[in-house]
Amino acid sequence: MASTLKLALLLSIFFFLSQTFVTSKPHPLDSLTPSEFTLVQSIVSQAYPSSKYKLTFQYVGLDEPEKPIVKSWLSKPTTKPPPRQALVMLRLNQQSHELIVDLSKRSIISDKIYDGYGYPLLTAEEQEAAGDLALKYKPFLASIKKRGLNVSEVVCSPLTVGWYGDEKTKRELKVSCYYLDGTDNMYLRPIEEIIMTVDLEKMKVTYYNDKSVSPMPKAEGTDYRPSKQTPPFGPRLNAAPPTPTGQTPFKIDGNVVSWANWKFHLGFDARVGPVFSLASIYDPDKAKYRQVVYRSFISELFVPYQDPTEAWYHRTFFDCGEFGFGIYAVSLEPLNDCPSGAVFVDGYYAGQDGKPVKIPDVMCIFERHSGDSMWRHTEAELRDQQIREARPEVTLVVRMVATVGNYDYILDWEFKPSGSIKFGVGLTGVLEVKAEPYSHIDEIKEEVYGTLVAENTIGIHHDHFLNYHLDLDIDGEDNSFVKTSLVTRRVKDKKIPRKSYWNVEHETAKTEADARLKLGLKAEEFLVVNPNKKTKPGNKVGYRLIPGSAAGPLLAADDYPQIRAAFTNYNVWVTPYNKSEKWAGGRYVDQSRGDDTLQVWSNRNRGIENRDIVLWYTMGFHHVPCQEDFPMMPTLSGGFELRPTNFFEYSAVLKTRAPMHLNWPNCTTA
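Structure report, in brief. None of these values were measured; they are calculated from a predicted model.

### Details of helix α4 (residues 124-134)
Consideration 1: Along α4, the residues classified as buried are A124, E126, Q127, A130, G131 and A134.
Consideration 2: The elements touched by buried residues of α4 are β2 (55-62), α5 (138-146), β6 (154-160), β7 (172-179), β8 (194-199) and α6 (319-323).

### Things to note about the pairing of strand β9 (residues 204-210)
Consideration 1: Of the strand pairs in this sheet, β8 and β9 are connected by six bridges, and their pairing is antiparallel. Within β9, the residue paired with V198 across the bridge is V205.
Consideration 2: With antiparallel pairing between neighbouring strands as the criterion, β8 and β9 make up a hairpin whose turn holds four residues, including M203 at a positive phi of roughly 50 degrees.

### A few points about the sheet that holds β6
Consideration 1: If you walk across this open sheet you meet the four strands as β6-β7-β8-β9, and the pairing is antiparallel. In this open sheet, the two strands that pair with only one neighbour each are β6 and β9. Put simply, the sheet's adjacent strands are angled 30 degrees from each other on average, direction ignored.
Consideration 2: Examined bridge by bridge, β7 and β8 share three bridges and lie antiparallel to one another. Paired with L173 across the strands is V198, a residue of β8.

### What about the nonpolar core?
Consideration 1: Counting 116 residues, the largest nonpolar core has Y468 and F481 as its most contacted members.
Consideration 2: In contact with Y468, not counting residues within four places along its chain, are F297, I298, S299, W413, F423, G424, V425, L615, W616, Y617, M619 and F640.
Consideration 3: Counting 19 residues, the second largest nonpolar core, distinct from the first, contains L55, V60, A86 and L92.

### As for the pattern of salt bridges
Consideration 1: Considering all chains together, one arrives at 41 salt bridges under this definition.
Consideration 2: E322 is the partner of R564 in a salt bridge, and the nearest nitrogen-oxygen pair spans 3.3 Å. Of this pair, R564 sits in helix α7 (residues 560-564) while E322 sits in helix α6, and the two are 242 residues apart along the sequence.
Consideration 3: In this structure E322 comes out as buried when scored by relative accessible area, which is 0%.

The rules we used
Residues numbered from 1 in each chain as written. Predicted model: local features only at pLDDT ≥ 70, side-chain atom pairs only at ≥ 80, totals over all residues. Heavy atoms only, no water. Buried < 20%, exposed > 50% of the residue type's maximum accessible area, 1.4 Å probe, protein only. Helix = DSSP H or I, 4+ residues; strand = E, 2+ residues; numbered from the N terminus. Contact = heavy atoms within 4.5 Å. Pairing = 2+ DSSP bridges. Axes fitted to C-alpha atoms, helices over the stretch in contact; angles between N-to-C directions. Core = buried A, V, L, I, M, F, W, Y, C linked by side-chain atoms within 4.5 Å. Salt bridge = Lys/Arg side-chain N within 4 Å of Asp/Glu carboxyl O.

What is shown is where atoms sit, not what they do.
Given below as structure tokens:
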């Protein structure tokens, strides 16, 4: 009996895998494979042998073909795909090089020295080396001894230095250190007032200043691991019901995911993490897939802390452009990060030596049954009959988590049968805190830059600004951006007792300046429409941007971090498509000066009406820490939505069939 059950289980798993993953030929937008990373490394190393050159790979990613080339191939997918090429950013003998490597020709077809401002993405290896260097530095060891700390319990982590008006810069990092000794929650026990700078090219400490000794926050109550908790405990939560073995609601053909009425291409990148391309939705009346998104990803994440003191002022981080969302993505945990039935996908990036680094289970794909209603209605006024229809909300979610320092970012892309796409982000992890000599707020007599969340522990105020690159192709490439204002009007007919109502006024943005918007100032709606496609009643087909809560920068416009993060000046931007304009903070973000940002591109004020355009949306959070954020932060969620608006002739879910519900115990209908 046991062997029969085992055989049945194996067959069901085989059926599941065969139905979920389908082998297909390469796609022009496929991320680089491990063998391609190895080939790039070989080609570059042959051109610059290590015996003559000091060479590090800072970034290697797909150099995607121009959009017309991809679209041409898509129209004839049986033809040979365009050449596979890689964009490579190197540090070569203390210079930044930008290469294009043609994988089919096995050669470097472009090699340019970058001599502008800023430096490429940092590698994980050089950051680790900088942190390790501190633990061998004699003045630092003396500082640890002076504080009565055990150096074996000290952990050091590098921080970017930013740019503050210096005419000349060099590649360097600050190093901040923390004390364990009774906890693994290192960020809650900072060793304060030690300022240490490491030169990355020479890999040596170039500046050191032990200003003073601050109190060390206690380890007690900071460890979040279950084994370290003591009574009284919180409630034990119920597990979700398992997904029946052998059932999966979607297919993965190579890197193309198909589910319900959606189809999209999924990629992975060291800098931005998940990359979504060619998202199209099936229209049964037209009997074809219709374009919605050509390419989408998180372009940049800006996190400025609000402590202007000498040891803290530089903590203004660009998590994509300096550190890499993909590089700091983590493996997901089944059933806790992703529900039963989720399918996991690996990711790869190039290490400092150019060799592929695997992140197992870096993304998961799953069908979400939220318990919400997709739609429902009861005809309550028809007394002689009972008419009630309801459909449960079922969606497809792609998830990744990036842990950059103390923060964990849960990134969701959610596709709905209605045609909507929801973009979600969850902020969790642990606070970045400053050690101060206070145990009660009554003791604070001077300005502090956060909240006293525990004894000797100030949770520092800070922001998070995520910029999304949304290259929309709504039913085709030529689109326009329309602002719809909701305007109050007075009733002119004196016979009517009403005095006012509201109506709409539409304005099509002609240039980039017309489309730069700060949200929350007035009642507005925002649409990307295809002016060349109309519904039967004559409406332009389109998609509406439904923003989340509006937040904008509070730093002064002339402050150096804000100059570098000028993409946060507006929540909404629209630019004409340009393959090179994809990272809102610029190409070389480390110590950048704000001369290659979304703001600079948009200042050209190019035409955007009835053209191939890109929508950029900046979502922000202002975080004033509280005690509930200590010692770990419950997830704070935000997001926005793209929703079809006159895209279909009628509701896309009108004819959606209700699912075949399983007969669960204790769940009955009368």
